[in-house]
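Letter by letter, the chains look like this.
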Amino acid sequence: LHTLFPYTTLFRSLITTKESKVSEFRQKWISDLRDEISKYTASADVLMDKISKDTDGKHISLSIRMSNKLVHGDLYADMIRTRTSILLRINDKEKVESEYITNKQFLDLINDISKNFENGQFQEVHNNIDSLVTVSRALLKHEWNRARDGEKRFQQARACAEWVMGGAGMVIMAIDRKSVV
């Protein structure tokens, strides 16, 4: 029984180390996602401003107006790249319903920004960006809480290790007491 205690301590230590590493990766993921959202919305905003200035006061068709995005190709490429990066980061098959709903709202807004931008509906894009900021805060806060609190599996494994350590400690104390008496 005395040998059980060090193993449970080692097990708890391994769980804590793994949980810490997962938390570190999750924090980086959150920070990177925040940066990508910022780049995406800023690219869309600046690109709309440039297209509007390029075509201000001119009576031209929407297709010609929107072809001006290619004049600002680097900015447009940044917008497309960050959109794709964001879409690849978010799980659209989340199992927990509340998380699924938040992720779906977030992904819908990312796609709406792109669709409305391509259709030249710049006021709608601005509205979508405002909504995206609100939904992003909820999504990022949830992920931050998950990083702070740890994954449920790790919480359960750590609690199990602590119970085993506590139980082993009580058994060892009981055995030691009997040997003293």
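Residues numbered from 1 in each chain as written. Predicted model: local features only at pLDDT ≥ 70, side-chain atom pairs only at ≥ 80, totals over all residues. Heavy atoms only, no water.

Visitor: I'm lost on the overall build of the protein in this one. Help?
Guide: Helices and strands together make up the secondary structure of the protein, namely six helices and zero strands. Secondary structure elements of the protein, listed N to C terminal, follow the sequence α-α-α-α-α-α. Out of the 181 residues belonging to the protein, those deemed buried represent 33%. Long-range contacts, defined here as pairs at least 24 residues apart, represent 77% of the contacts in the protein between residues at least 6 apart. Put simply, the protein shows about 11600 Å² of open surface, and 58% of that area lies on carbon and sulfur atoms. (Helix = DSSP H or I, 4+ residues; strand = E, 2+ residues; numbered from the N terminus. Buried < 20%, exposed > 50% of the residue type's maximum accessible area, 1.4 Å probe, protein only. Contact = heavy atoms within 4.5 Å. Areas by Shrake-Rupley, 256 points an atom, 1.4 Å probe, with all protein chains shown as cover.)

Visitor: Would you mind going over the packing of aromatic side chains with me for this structure?
Guide: Each aromatic ring pair is characterised by the separation of its centres together with the angle its planes make. Scanning all chains against the criterion turns up two aromatic pairs. Where Phe117 meets Phe122, the ring centres are 5.8 Å apart and the plane angle is 15°; that geometry is what we call stacked. Among the aromatic side chains, those forming a connected cluster through ring pairs are Tyr76, Phe117 and Phe122. (Phe/Tyr/Trp six-rings, centres within 6.5 Å; stacked < 30°, edge-to-face > 60°.)

Visitor: So what exactly am I meant to see when it comes to the packing of helix H3 (residues 73-89) against helix H4 (residues 97-118) here?
Guide: Helix-helix packing is described using two parameters, namely the angle between the two axes and the distance between the axes. Axis separation between H3 and H4 bottoms out at 10 Å; the angle between their running directions is 160°. It follows from the interaxial angle that H3 and H4 lie roughly antiparallel. Remark: the crossing between H3 and H4 carries left-handed chirality. Within the contact between the two elements, H3 uses Tyr76, Met79, Arg83, Ile86 and Leu87 and H4 uses Phe106, Leu107, Ile110, Asn111, Ser114, Phe117 and Glu118. (Axes fitted to C-alpha atoms, helices over the stretch in contact; angles between N-to-C directions. Parallel < 35°, antiparallel > 145°, perpendicular 65-115°, else oblique. Left-handed = near helix turned anticlockwise from the far one by under 90°.)

Visitor: How do you make sense of the environment of Arg137 when you look at a structure like this?
Guide: Relative to the assigned elements, Arg137 resides in helix H5 (residues 122-149). For the pair Arg137 and Arg34, spaced 103 residues apart in the sequence, the C-alpha separation amounts to 9.2 Å.

Visitor: Can you help me understand the side chain of Asn116 in this one?
Guide: In this structure, Asn116 sits in helix H4. Once residues lying within four places of it in the same chain are set aside, the contact partners of Asn116 are Gln121, Glu124, Val125 and Asn128.

Visitor: Sorry if this is basic, but what is going on with the nonpolar core here?
Guide: A general tendency of soluble globular proteins is for nonpolar side chains to be buried together. One finds Leu33, Leu47, Ile86, Phe106, Ile113, Phe117 and Leu132 to be the most contacted residues of the largest nonpolar core, which totals 28 residues. Put simply, the parts of the chain that give this core at least two residues each are helix H1 (4-55), H3, H4 and H5. When residues no more than four places from it in sequence are discounted, the contact partners of Phe117 are Leu47, Met48, Ile51, Met66, Lys69, Tyr76, Met79, Asp112, Phe122 and Val125. (Core = buried A, V, L, I, M, F, W, Y, C linked by side-chain atoms within 4.5 Å.)

Visitor: Would you mind showing me how to read the packing of H4 against H5 here?
Guide: The N-to-C vectors of H4 and H5 enclose an angle of 150°; their axes lie 9 Å apart at closest approach. Between H4 and H5, the interaxial angle falls into the category roughly antiparallel. As for the relative orientation of H4 and H5, their crossing is left-handed in sense. Contacts from Glu99, Thr102, Asn103, Gln105, Phe106, Leu109, Ile110, Asp112, Ile113, Asn116 and Phe117 of H4 reach H5 at Phe122, Glu124, Val125, Asn128, Ile129, Ser131, Leu132, Val135, Ser136, Leu139, His142 and Arg146. Considering only residue class, the contact of H4 with H5 consists of 11 nonpolar, eight polar and four charged. (Nonpolar A, V, L, I, M, F, W, Y, C, P; charged D, E, K, R; others polar.)

Visitor: What exactly am I supposed to notice about the side chain of Asn103 here?
Guide: Along the polypeptide, Asn103 turns up in helix H4. Once residues within four sequence positions are removed from consideration, Asn103 is found in contact with Ile90, Asn91, Glu94 and Leu139.

Visitor: Where do I start with the pattern of salt bridges in this structure?
Guide: Where side chains of opposite charge bring their charged atoms close, a pairing between them can arise. Scanning the model with the defined rule gives eight salt bridges in all. Residues Glu36 and Arg81 are paired through a salt bridge, measuring 3.6 Å at the closest nitrogen-oxygen approach. Within this pair, whereas Glu36 is found in helix H1, its partner Arg81 is found in helix H3, the two being separated by 45 residues in sequence. Note on Glu36: relative accessible area 9%, which makes it buried. Taken together, the salt bridges that share partners define one network made up of Arg26, Glu143 and Arg146. (Salt bridge = Lys/Arg side-chain N within 4 Å of Asp/Glu carboxyl O.)

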